[in-house]
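# Coordinates in review
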Amino acid sequence: MSLELFAHPFSSYCQKALIAFHENDIAFDFRMLAPDEPANGAEFARLWPIQRFPILVDDGRTILEATAIIEHLQVRHPGPVRLIPDDPGAAVEVRMLDRVFDNYVMTPQGKCVFDSLRPEADRDPYGVAEARKMLDTAYAWLDQRMAGREWAVGDSFSLADCAAAPSLFYADWTHAIPPELENLQAYRARLLTRPSFARAVDGGRPYRAYFPLGAPDRD
Ligand SMILES: N[C@@H](CCC(=O)N[C@@H](CS)C(=O)NCC(=O)O)C(=O)O
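Below you will find a few notes about this structure. Keep in mind that what you see is a predicted model, and the values were worked out from it rather than measured.

Conventions used here
Residues numbered from 1 in each chain as written. Predicted model: local features only at pLDDT ≥ 70, side-chain atom pairs only at ≥ 80, totals over all residues. Heavy atoms only, no water. Salt bridge = Lys/Arg side-chain N within 4 Å of Asp/Glu carboxyl O. Helix = DSSP H or I, 4+ residues; strand = E, 2+ residues; numbered from the N terminus. Buried < 20%, exposed > 50% of the residue type's maximum accessible area, 1.4 Å probe, protein only. Pairing = 2+ DSSP bridges. Right-handed = clockwise from strand over helix to strand, strands pointing away. Near = heavy atom within 4 Å. Polar contact = N/O pair within 3.5 Å; in protein donor to acceptor, adjacent residues only side chain to side chain. Areas by Shrake-Rupley, 256 points an atom, 1.4 Å probe, with all protein chains shown as cover. Core = buried A, V, L, I, M, F, W, Y, C linked by side-chain atoms within 4.5 Å. Contact = heavy atoms within 4.5 Å. Phe/Tyr/Trp six-rings, centres within 6.5 Å; stacked < 30°, edge-to-face > 60°. Lys NZ or Arg CZ within 6 Å of the ring centre and 35° of its normal. Axes fitted to C-alpha atoms, helices over the stretch in contact; angles between N-to-C directions.

All right, on to the pattern of salt bridges then. Under the criterion given, the structure shown has 20 salt bridges. A salt bridge links D102 to K16; its shortest N-O distance comes to 3.1 Å. Of the two residues, D102 sits in helix α4 (residues 88-116) while K16 sits in helix α1 (residues 12-23), which places them 86 residues apart along the sequence. With a closest N to O distance of 2.7 Å, R82 and D86 form a salt bridge. We classify R82 as partly exposed; its relative accessible area is 36%. Judged by relative accessible area, D86 falls into the exposed class, the value being 59%.

Put simply, side chains in a regular strand alternate between the two faces of the sheet. Burial of strand β1 (residues 3-7) is extensive: five of the five residues sit out of reach of the surface. Of the strand pairs in this sheet, β1 and strand β3 (residues 55-58) are connected by four bridges, and their pairing is antiparallel. Within the sheet, the bridge partner assigned to E4 lies in β3 and is V57. In terms of strand pairing, β1 meets strand β2 (residues 29-32) through four bridges, oriented parallel. When the bridges of β2 are listed, A7 appears paired with M32. On the question of chirality, the crossover connecting β1 to the parallel β2 by way of α1 is right-handed.

What follows is about the site of the ligand. The environment of the ligand is made up of S11, S12, Y13, R52, F53, P54, E65 and A66. At a separation of 2.8 Å, a nitrogen atom of the ligand approaches a polar backbone atom of F53. For the ligand, an oxygen atom lies 2.9 Å from a polar atom in the backbone of A66. Considering the ligand on its own, with 510 Å² of exposed area, one finds that the protein chains cover 74% of that surface.

With that settled, the discussion passes to the nonpolar core. F101, L168, Y187, L191 and F197 are the most contacted members of the largest nonpolar core, which has 54 residues in total. Broken down by secondary-structure element, the contributors of at least two residues to this core are β1, α1, α3 (66-76), α4, α5 (125-145), α6 (159-174), α7 (182-193) and α8 (195-204). Broken down by element, the residue count for this core peaks at 11 residues, all from α6. For F197, the contacting residues outside a window of four places in its chain are Q15, I19, A165, P166, F169, L191 and L192. Judged by nonpolar contacts, the second largest core, of six residues, contains F6, L33, L47 and I55.

Let's shift gears to the packing of aromatic side chains. Under the counting rule described, the total for this entry stands at 13 aromatic pairs. Ring centres of F10 and Y170 lie 5.5 Å apart, and the angle between their planes is 90°; this geometry places the pair in the edge-to-face category. Linking F10 in the loop between β1 and α1 with Y170 in helix α6, this pair joins segments that are 160 residues apart in sequence. With relative accessibility at 14%, the residue F10 sits in the buried group. The exposure class of Y170 is buried, given its relative accessible area of 4%. Centroid distance W173 to F211: 5.1 Å. Interplanar angle 80°. Geometry classified as edge-to-face. Within this pair, whereas W173 is found in helix α6, its partner F211 is found in the segment after α8, the two being separated by 38 residues in sequence. Every member of this aromatic cluster is reached through a ring pair, and the members are F10, F169, Y170, W173, F197 and F211. The ring of F157 carries the charged tip of R194 above its face, separated from the ring centre by 4.0 Å.

Moving on: the sheet that holds strand β4 (residues 61-64). Pairing within the open sheet is mixed, and its four strands lie in the order β2-β1-β3-β4. Pairing within the sheet leaves two strands with one partner each, and these edge strands are β2 and β4. Here the strands of the sheet are splayed against their neighbours by 20° on average, with no regard to which way each runs. Lying on the sheet, α3 is in contact with β1, β3 and β4; it crosses β4 at an angle near 130°.

Here it is in structure tokens:
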């Protein structure tokens, strides 16, 4: 059996998948995707022409998308931590929150970051303003959602929290969560103390200088 994860430790979607590996101590080979790893780069383009990562190769089977990787691990490499609840109704809610974090936190956060990498003339200030507005709206909704909750859905850490952790981590660097949103602030802090995410964050620490908007000196 071979499990290979093509990823970069500073990437938010890779951290999302890494949390699932760490939660259940699943052994795998980390295949670093970086400009100075040309062999992996060629394999990357062959595996997934869209060239987005993480990508999991499990005994020759390619799994794309962080959410699908987490679902695959639970089906093929189950451990004591069930990131998708067995109860079908709870599983729907977990998948719903997973989409909320990806679509309305991770995506607008990425818009702000990637726009800053464009040449000045090709920037999209209107799109970035819209993305920041979306983050504000998502933050306010999530703050209310998290009132009285420890994790995003139910009483257990789930796929939804795997999505929440890196998205809130980087979103706060990009567009600060207002201090008055105490439930959301506390949730982000709680996610940072979860050992699986703390390990993923530590893996990305050496690359903080590359954060395009400048990484704050915290977390
Ligand atoms: N929908 C994909 C998104 C993956 C994604 O956008 N990954 C980023 C890294 S965090 C990437 O591959 N960026 C490379 C690029 O944009 O060229 C998932 O959920 O896995």
